[in-house]
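Listed below are the residues making up each chain.
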Amino acid sequence: MEDQQRLNNLVNEMNVYRQQADLIQQQIELIQASIAEVDALFATLDDIEGKDSVEAFVPVGAGSFVKGELKSTDEIIVSIGAGIAVKKDAEGAREILSGQKEELIDSRDKMLANLQQVTDMAGSLQAQAEQIAAAAQGNMTQMG
């Protein structure tokens, strides 16, 4: 009976680690999406830099867009976090975005390392559970 209790505890712990792994994986995917957004913004900056005006679709809400013209491409408003944005030229915007991308990559790498630790722990618990189950199965066979 003691083995059964240990086995139940291990299974519960494994489930907790698996849930943590799922949450970490979701966070990694969100960070990866943010990195992709920054990369897309770099490409947009490259496309509009030096042009007097650019045609673009401007979001107006509810997934709808209106065709418009960007009259000035030499000033970009860049979010720097906490709801604060600053006006920069293309090069200044790239510097800010480069820093943001580095931070995102650092966060993603830390999350990946954390995911590996959680996955390793779950694997270790699973191995322990399998040993207990095998031992219990062996005891049952000897009794039978």
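Residues numbered from 1 in each chain as written. Predicted model: local features only at pLDDT ≥ 70, side-chain atom pairs only at ≥ 80, totals over all residues. Heavy atoms only, no water.

J.: So what's going on with the environment of Ile24? Which residues, and what values?
T.: Mapped onto the elements, Ile24 comes out in helix H1 (residues 2-48). Its relative accessible area of 8% is what places Ile24 among the buried residues. On a C-alpha basis, the gap between Ile24 and Ala129 in space is 24 Å, while along the polypeptide they are 105 residues apart. Apart from residues no more than four positions distant in its own chain, Ile24 is found in contact with Met111, Asn114, Leu115 and Val118. (Helix = DSSP H or I, 4+ residues; strand = E, 2+ residues; numbered from the N terminus. Buried < 20%, exposed > 50% of the residue type's maximum accessible area, 1.4 Å probe, protein only. Contact = heavy atoms within 4.5 Å.)

J.: Kindly report on the environment of Lys67, identifying the contributing residues and their values.
T.: You can see Lys67 is positioned in strand E2 (residues 64-70). For Lys67, a relative accessible area of 55% translates into the label exposed. Remark: the alpha-carbon pair of Lys67 and Ser124, spanning 57 residues in sequence, is separated by 57 Å. Here the side chain of Lys67 touches Glu55 through a polar contact of 3.3 Å, side chain to side chain. (Polar contact = N/O pair within 3.5 Å; in protein donor to acceptor, adjacent residues only side chain to side chain.)

J.: Go over the pairing of strand E1 (residues 54-61), please, and point to the residues and values.
T.: As defined by bridge partners, E1 adjoins E2 across seven bridges and the pair is classed as antiparallel. Opposite Glu55, over in E2, you have Glu69 as the bridge partner. If you look at the hairpin formed by E1 and E2, you'll find two residues sitting between the two strands, and Ala62 has a positive phi there, around 55°. (Pairing = 2+ DSSP bridges.)

J.: Describe in detail a negative patch on the surface, supporting the description with residues and values.
T.: A contiguous patch of negative charge on the surface is contributed by Asp74, Asp89, Glu91 and Glu95. Within the secondary structure, Glu95 sits in helix H2 (residues 90-143). (Patch = residues over 30% accessible without salt bridge, like charges linked within 9 Å, V, L, I, M, F, W, Y side chains within 5 Å. Areas by Shrake-Rupley, 256 points an atom, 1.4 Å probe, with all protein chains shown as cover. Salt bridge = Lys/Arg side-chain N within 4 Å of Asp/Glu carboxyl O. Lys, Arg positive; Asp, Glu negative; His and termini not counted. Charge placed at Lys NZ, Arg CZ, Asp CG, Glu CD.)

J.: A description of the pattern of salt bridges should follow, citing residues and the corresponding values.
T.: All told, the structure shown has eight salt bridges when counted by the stated rule. For the salt bridge of Lys67 with Glu55, the shortest nitrogen-to-oxygen distance reads 3.3 Å. Placement of Lys67 in strand E2 and of Glu55 in strand E1 is noted, with a sequence separation of twelve residues between them. No difference in accessibility class separates Lys67 from Glu55, as the two residues are exposed. Its salt-bridge partner being Lys110, residue Asp106 comes within 3.3 Å of it at the nearest N-O pair. Placement of both Asp106 and Lys110 in helix H2 is noted, with a separation of four residues, approximately one turn of the helix. Counted as one network, the salt bridges with shared partners bring together Asp46, Glu49 and Arg94.

J.: Describe H1, naming the residues involved and giving the relevant values.
T.: Within an α-helix, residues lying three or four positions from one another point in the same direction, as the helix has 3.6 residues per turn. Compared with the 69 Å implied by 1.5 Å per residue over 47 residues, the 69 Å span of H1 between its first and last C-alpha is a close match. For H1, the complete set of buried residues consists of Leu7, Leu10, Met14, Ala21, Ile24, Ile28, Ile31, Ile35, Val38, Phe42, Leu45 and Ile48. Downstream of H1 by a residue or two, Gly50 has a phi angle that is positive, lying close to 85°. (Expected span 1.5 Å × (residues − 1).)

J.: Just give me the short version of the nonpolar core, but keep the residues and values in it.
T.: Listed in full, the nine residues of the largest apolar core are Val38, Phe42, Leu45, Ile76, Val78, Ala90, Ala93, Ile96 and Leu97. Mapped by element, the contributors of at least two residues to this core are H1, strand E3 (76-81) and H2. No other element matches H2, which puts four residues into this core. For Val78, the residues in contact, after removing those within four places along its chain, are Ile84, Ala85, Val86, Ala93, Ile96 and Leu97. Judged by nonpolar contacts, the second largest core, of six residues, contains Leu7, Leu125, Ala129 and Ile132. (Core = buried A, V, L, I, M, F, W, Y, C linked by side-chain atoms within 4.5 Å.)

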